[in-house]
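Residue strings, one per chain:
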Amino acid sequence: MRDILVFYSDFDNYSQWKQLLQRELPDLDVRRAEDIEDPSQVRYALVWKPPIRFFHRWPNLELVINLGAGVDALVSRDDLPDVAVTRLSDPNMARMMAGYVLFAVLRYAREIPFFERMQREAQWCYRHPRSPETLRIGVMGLGELGKRAAEELARQGFSVAGWSRSPKRLEGIECYHGLDSLSAFLTDCEILVVMLPSTPDTRGLLDAERLAALPRGASLINVSRGDIIDETVLIEQLQSGHLGGATLDVFAIEPLEARSPLWGMQQVLITPHLASVALPDSAAAQVAENIRRLRQGKPPHHCVDLQRGY
């Protein structure tokens, strides 16, 4: 009798994940929840935002694998058993995130929104590019993805500062840490990139006072979680011109409601939570390795602390 891995995601390709996982582990039975006849055979769950009470169905569950880096959808659930919970830590996800952040930063650094507006108005209008080292970029969150993005921005010649809750040291990047230094960090950020995990300590962290600390006309890029920023205040500061623009890949409520004023703002670029996604071709091997480790009595890699939220 083979172990069963239950798969749940409304966004990921079940057939592709099944094929790749069974190539890695031929004895692994990969199924959707609705196709499982005997729930007691389920040992592993590979999930992204499973519904409430999902985990109650699997009495012998041993491992939960989150189909992404952010595990906020698994925090504070009353149906999650006391088993190891892991996140994906795929270098290709980090590369994808760094690429998105670089694209968004370059878009502001080269004033592409201005040229897009000039095109709509059929105006030939020249603006001389700034040297990247004269542009101050701030990266909030220096975990695995934030570190990679900050290092890529520094490699491109930008003046990069980073902020995190605990001390970090990154070559070529001025690092701040702790709430006492947050205002000083924000004051110099012409472009702010938000890459923090969603935890009780970070939700609502960028409120009216802290967004106001940014220089007038600053641009904001959020690729982490929507609840880190007070969305009402964000809209107000975009409308007032204090914020010159925003690139938003994440929102407090997803999908973003059709009535949100953000849709109609020309200074806002909206993408549907795709800055970095799990790539089965590269991540399946990591999932399989953690299952092998569990079978051998070893702790899996990339475990998360649900109390901390990451």
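Just so we're clear, the structure is a prediction, and the values are computed from it rather than from any experiment.

Peer 1: In this structure, what is going on with the overall build of the protein chain? I would like to understand it.
Peer 2: Scanning the protein chain from N- to C-terminus turns up eight helices and twelve strands. Once the C-alpha set of the protein chain is aligned to its principal axes, its extents read approximately 70 × 40 × 35 Å. With an accessible surface of roughly 15300 Å², the protein chain has 49% of that area assigned to carbon and sulfur atoms. Of the side-chain charges in the protein chain, 35 are positive and 41 negative, and the distance between the mean point of each set is 3 Å.

Peer 1: What am I meant to see in the sheet that holds strand β9 (residues 191-194) here?
Peer 2: Two modes of strand pairing occur in sheets, parallel and antiparallel, and in both the strands are linked by backbone hydrogen bonds. Read across the open sheet, the seven strands follow the order β8-β7-β6-β9-β10-β11-β12; overall the sheet is parallel. Strands with a single pairing partner mark the edges of an open sheet, and in this sheet they are β8 (174-177) and β12 (268-270). Between one strand axis and the next, the sheet turns by 15° as a mean value, whatever way the strands run. Relative to β12, strand β11 (residues 243-248) is paired through three bridges, and the arrangement is parallel. Opposite A246, over in β12, you have V268 as the bridge partner. With respect to the sheet, helix α4 (residues 144-155) is in contact with β6 (136-140) and β7 (159-164), its orientation differing from that of β6 by roughly 170°. Against the sheet, helix α7 (residues 231-240) contacts β11 and β12, and its axis sits at roughly 135° relative to β11.

Peer 1: Sorry if this is basic, but what is going on with the packing of aromatic side chains here?
Peer 2: Pairs of aromatic rings are described using the distance from one ring centre to the other and the angle between the two planes. This model, assessed by the stated rule, comprises seven aromatic pairs. Aromatic pair F54 and F55: ring centres 5.2 Å apart, planes at 85°, arrangement edge-to-face. Neither F54 nor F55 differs from the other in exposure class; each is buried. With a centroid separation of 5.3 Å and an interplanar angle of 70°, the aromatic rings of F114 and F115 are classed as edge-to-face.

Peer 1: Looking at this model, I keep getting lost on the side chain of R225. Mind explaining?
Peer 2: Positionally, R225 belongs in the loop between β10 (218-222) and α7. Within polar-contact distance, the side chain of R225 engages the side chain of D72 at 2.7 Å. With near-sequence residues (within four places) excluded, R225 lies in contact with W48, G70, D72, L196, S198, V250 and H273.

Peer 1: I would appreciate a short explanation of the sheet that holds strand β3 (residues 42-47) in the present structure.
Peer 2: If you walk across this open sheet you meet the five strands as β2-β1-β3-β4-β5, and the pairing is parallel. Each end of this open sheet is capped by a strand with a single partner; those strands are β2 (29-32) and β5 (84-87). Pairs of neighbouring strands in the sheet enclose a mean axial angle of 25°, with direction left out of account. With four bridges connecting them, β3 and strand β4 (residues 63-66) associate as parallel partners. The residue bridging A45 from the neighbouring strand is V64, located in β4. Relative to β2, helix α1 (residues 14-24) is tilted by about 170°, and along the sheet it contacts β1 (4-8), β2 and β3.

The rules behind these values
- Residues numbered from 1 in each chain as written.
- Predicted model: local features only at pLDDT ≥ 70, side-chain atom pairs only at ≥ 80, totals over all residues.
- Heavy atoms only, no water.
- Helix = DSSP H or I, 4+ residues; strand = E, 2+ residues; numbered from the N terminus.
- Areas by Shrake-Rupley, 256 points an atom, 1.4 Å probe, with all protein chains shown as cover.
- Lys, Arg positive; Asp, Glu negative; His and termini not counted.
- Charge placed at Lys NZ, Arg CZ, Asp CG, Glu CD.
- Pairing = 2+ DSSP bridges.
- Axes fitted to C-alpha atoms, helices over the stretch in contact; angles between N-to-C directions.
- Contact = heavy atoms within 4.5 Å.
- Phe/Tyr/Trp six-rings, centres within 6.5 Å; stacked < 30°, edge-to-face > 60°.
- Buried < 20%, exposed > 50% of the residue type's maximum accessible area, 1.4 Å probe, protein only.
- Polar contact = N/O pair within 3.5 Å; in protein donor to acceptor, adjacent residues only side chain to side chain.

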